Amino acid sequence: MPAITADTLTLPRVVTDPATTVQRPVRSVTTAPSDFEGEGFPVRRAFAGVSSADLDPFIHMDQMGEVEYAPGEPKGTSWHPHRGFETVTYIIDGIFDHQDSNGGGGTITDGDTQWMTAGSGLLHIEKPPEHLVVSGGLFHGIQLWVNLPRAHKFHPPRYQDIRGGQARLLASADGGALLRVIAGELDGHQGPGVTFTPITMVHATLAPGATLDLPWNPGYNALAYVLAGQGTAGTGHAAIRKGQLVTFGPGGALTLAAAQRQPQAEPNLEVLLLGGQPIREPVVHYGPFVMNTRAEILRAMEDYQAGRLGVVPSARMPHTDGKEHL
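Residues numbered from 1 in each chain as written. Predicted model: local features only at pLDDT ≥ 70, side-chain atom pairs only at ≥ 80, totals over all residues. Heavy atoms only, no water.

## Concerning the pairing of strand E23 (residues 244-248)
Just so we agree on the cut-off: We call a residue buried when its accessible area falls under 20% of the maximum for its residue type, exposed when it is over 50%, and partly exposed in between, using a 1.4 Å probe and counting protein chains only. Each helix is a run of DSSP H or I of at least 4 residues and each strand a run of E of at least 2, with the numbering of both proceeding from the N terminus. Note on pairing: DSSP must find at least two bridges between two strands before they are called paired.
The element E23 is largely enclosed, with a buried count of five among its five residues. Burial along E23 is two-sided: Gln244, Val246 and Phe248 facing one way and Leu245 and Thr247 facing the other are all buried. With five bridges connecting them, strand E2 (residues 26-31) and E23 associate as antiparallel partners. Its bridge partner lying in E23, Thr30 is registered against Leu245. Pairing geometry for strand E20 (residues 223-228) and E23, over three bridges, is antiparallel. Considered in E23, the bridge of Leu223 is made with Thr247.

What follows is the structure in structure tokens.
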């Protein structure tokens, strides 16, 4: 699991007031089916079978791996287009390279995030570096698609390179859970990711037996995806395990708890927490395009075929060193 760790006893604590906060009930627990993406790397489709109304403003999420590649096996994607949303790639273990036709590019590894706003459209590619292809090794990460509201669908593309060390580190009230705020705000603490749609993205690690009682923006939805381990969600103690997504109902706080006994290869309960302000606009999703109408999808396809979404760069671009490309 991720290289970004800390002594929770030295971090700011996140607390809720049970006298004034309404706990969010568990609405559903679904199990992600397995599939293959790109050139053939294994994924779990985290949002499969979940209502789009519960996901809004999120569109799609894959858990990539966890897989131990033999030499010559690591795979990525070929060059492909996007328009109308943002792609977020969070690497837990391994190394991934990104390059796009707007000038964004870089390498991310344990705990790093690449945040690409496709907006009006671009081409991009994500692949393991050549040395990892040769050597093989562990690979595990998340790719999340965040919708853009109609007003920002055609915003110029943007790329953010977020180092793991930039994440805002917090602890649960009892110190049993480490929280990494990647984007958005949690209990007054701001993460480094800059977003068009107001969201919160947090990676939480709960030690065996620990409970996480977390304040959550009442105007956001609330999702919890289990990356590893097992435990319970909500005050009703719904059982959860690796590869499952929890959707929560309305309220101002949510609760997760790690089982005292964890699988041997997964010592902690690892959860990706997502919440956002619903956009509540029509969504037409076709392949690499997320728009509001079918006519906009057809236009995106025509623009791509005509080369108006950019051209494949002739050379590998240098690492961005945490700077945005606007």
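## Observations concerning the side chain of Thr205
Cut-off, in case you're wondering: When checking whether two residues touch, look at their non-hydrogen atoms; a contact exists if any pair is within 4.5 Å.
Mapped onto the fold, Thr205 is located in strand E18 (residues 199-206). Each residue touching Thr205, except ones within four places of it in the same chain, is listed here: Gly176, Ala177, Leu178, Arg180, Asn268, Leu269 and Glu270.

## Here we look at the sheet that holds strand E8 (residues 96-100)
To keep things clear, this is the line we draw: For helices, the fitted axis covers only the stretch in contact; all axes are lines through C-alpha atoms, and the angles between them, taken along N-to-C directions, range from 0 to 180 degrees.
Taken together, four strands build an open sheet; the order of strands is E6-E11-E8-E9 and the sheet is antiparallel. Unpaired on one side and paired on the other, strand E6 (80-82) and strand E9 (105-108) mark the two borders of the sheet. If you compare each strand with its neighbour and ignore which way they point, the axes differ by 30° on average. Of the pairings in the sheet, the one linking E8 to E9 comprises four bridges and is antiparallel in character. Bridging across to E9, Phe96 finds its partner in Ile108.

## What about the side chain of Asp303?
Counted only if it meets this: In protein, a polar contact means a hydrogen-donor-capable atom and an acceptor-capable atom, both N or O and within 3.5 Å, with residues adjacent in sequence counting only if both atoms are side-chain atoms; elsewhere, any N or O pair within 3.5 Å suffices.
Tracing the sequence through the fold places Asp303 in helix H3 (residues 294-305). On the basis of relative accessible area, Asp303 is assigned to the buried category, the value being 8%. At 3.0 Å, the side chain of Asp303 and the side chain of Arg83 are in polar contact. Residues in contact with Asp303, not counting those within four places in the same chain, are Arg83, Arg308 and Leu309.

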